[in-house]
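# Summary of the model geometry
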Amino acid sequence: MAKNRFFGKYYKFISPDGNTFALIQSHSNEGDMLQLITKDGAHLIDDPHSLVIEGNEAKIHIEQEDIKMVGEIVLGELHPLSHKVMGPFTYLPMECRHEIYSMSHGLSGSLTINGTKKSFDGGLGYIEGDSGTNFPKKYVWYNSVLEGATVTLAIATIPLLGFIHFVGLLCFIKTKDKEYRFCTYNGGKPIKIDEQEIVIKKGRYRLSITIPHLGGHDLKAPIKGDMVRYIKENINVPTSYKLTYKDEVLLENEDPLSSLEFMW
């Protein structure tokens, strides 16, 4: 990989009984890195190869003083989006490029976490990735994965060509039979961003996300390919959201295990 660049892949795991965590594999100027975030905290894993993905199997072997997590989880059929996440921006120079590998997929298998065996049979997963030089200076990232519906959203300040700055939006909603896309490149725009509510719209479509609290745990993020910035992520925020078209409610859910990074 070229100097001053990074690549990261984010794997989210949710068990049927609400045990949720994410593993973030990254490569940067500092080499390989693995971070773990649970509802209780974030951990920099001593051995970055403690997560091995072979085919559809995630083999996890983390044994260190602050966390022990050992086992195997099988990923079911992945469900990517129908088109490229970044649309026409795919072909422009960007400080951070986003990709979604699976909006949702089933899980099976089990992990022993700090001495207690946890089943992930019937669970849900999500996979995304980022690459470039920096994370955006200001951004919001939100993810909710439920049976039958996934919402993932990113709003960020975007520098382009060295002299243009704008607020960019990427938001995707995938149900069993529909896919909704709110993006800067197709007319989507944020109309409210604060610590209690995020509202975006596209034409007569509107998505509102209600956030009861922020909080979060420290994760490392890149600046010019060096993992020296600290961001905060909460992986169990009890949010709710509503998708409407005109006055019709198309989708409405509550999710006790939403993920949120609010760096705005």
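As the structure is a prediction and not an experimental result, all values here were calculated from the model. (Residues numbered from 1 in each chain as written. Predicted model: local features only at pLDDT ≥ 70, side-chain atom pairs only at ≥ 80, totals over all residues. Heavy atoms only, no water.)

### Thoughts on a negative patch on the surface
Put simply, the test is: A patch consists of residues exposed above 30% relative accessible area that lack any salt bridge, with like charges linked at up to 9 Å and nonpolar side chains (Val, Leu, Ile, Met, Phe, Trp, Tyr) linked at up to 5 Å. Residue-level accessible areas treat just the shown protein chains as cover; the underlying method is Shrake-Rupley with a 1.4 Å probe. Salt bridges are identified by distance alone: a Lys or Arg side-chain nitrogen within 4 Å of an Asp or Glu carboxyl oxygen. Neither His nor the chain ends contribute to the count of charged residues, in which Lys and Arg are positive and Asp and Glu negative. Just so you know, the charge point we use is NZ for Lys, CZ for Arg, CG for Asp and CD for Glu. The way it works is that DSSP assigns letters per residue, a run of H or I at least four long becomes a helix, a run of E at least two long becomes a strand, and they are numbered from the N terminus. Between buried and exposed lies partly exposed: a residue is buried under 20% and exposed over 50% of the maximum accessible area for its type, with that area taken using a 1.4 Å probe on protein chains only.
On the surface, Asp 46, Asp 47, Glu 65 and Asp 66 cluster together into a patch of negative charge. Mapping Asp 47 onto the fold places it in the loop between β4 (42-44) and β5 (51-54). With relative accessibility at 38%, the residue Asp 47 sits in the partly exposed group.

### Examining the nonpolar core
Generally speaking, soluble globular proteins have nonpolar side chains that are buried together. Note the threshold: Joining through side-chain atoms within 4.5 Å is the link that ties buried Ala, Val, Leu, Ile, Met, Phe, Trp, Tyr and Cys residues into a set, and such a set is a nonpolar core. Here, two residues are considered to be in contact whenever any of their heavy atoms come within 4.5 Å of each other.
Tyr 10, Val 85, Ile 100, Tyr 126, Phe 135 and Phe 172 are the most contacted members of the largest nonpolar core, which has 31 residues in total. Excluding residues that lie within four positions of it along the chain, Phe 135 makes contacts with Phe 6, Glu 95, Cys 96, Asp 130, Ala 221, Pro 222, Arg 229 and Ile 231. Within the second largest apolar cluster, 24 residues are counted, among which are Val 151, Tyr 180, Ile 198 and Ile 200.

### Structural notes on a nonpolar patch on the surface
A surface patch of nonpolar side chains, about 320 Å² in accessible area, is lined by Leu 161, Phe 163 and Ile 164. Following the sequence through the fold, Leu 161 ends up in the loop between β12 (149-160) and β13 (164-175).

### Describing the pairing of strand β15 (residues 189-193)
Applicable threshold: Paired strands are those between which DSSP finds at least two bridges.
One ladder, built from four bridges, connects β15 with strand β16 (residues 197-202); its direction is antiparallel. Counted as the bridge partner of Lys 192 is Val 199 from β16. Hairpin geometry of β15 and β16 is characterised by an intervening segment of three residues between the two adjacent antiparallel strands.

### Focus: the side chain of Lys 12
Put simply, the test is: Identification of polar contacts relies on pairs of N or O atoms within 3.5 Å, with a donor-acceptor requirement for protein atoms, meaning one able to donate a hydrogen and the other able to accept it, and with residues adjacent in sequence counted only if both atoms are side-chain atoms.
Summarising the element assignment, Lys 12 is placed in strand β1 (residues 6-14). In this structure, Lys 12 is buried with no salt-bridge partner, the nearest side chain bearing the opposite charge being Asp 255 at 5.4 Å. Within the structure, the side chain of Lys 12 is placed 2.9 Å from the side chain of Asn 143, a separation counted as a polar contact. At 2.9 Å, the side chain of Lys 12 forms a polar contact with the side chain of Ser 259. The contact partners of Lys 12, leaving out residues within four places of it in the chain, are Thr 20, Phe 21, Ala 22, Leu 124, Gly 125, Tyr 126, Asn 143, Val 145, Leu 257, Ser 258 and Ser 259.

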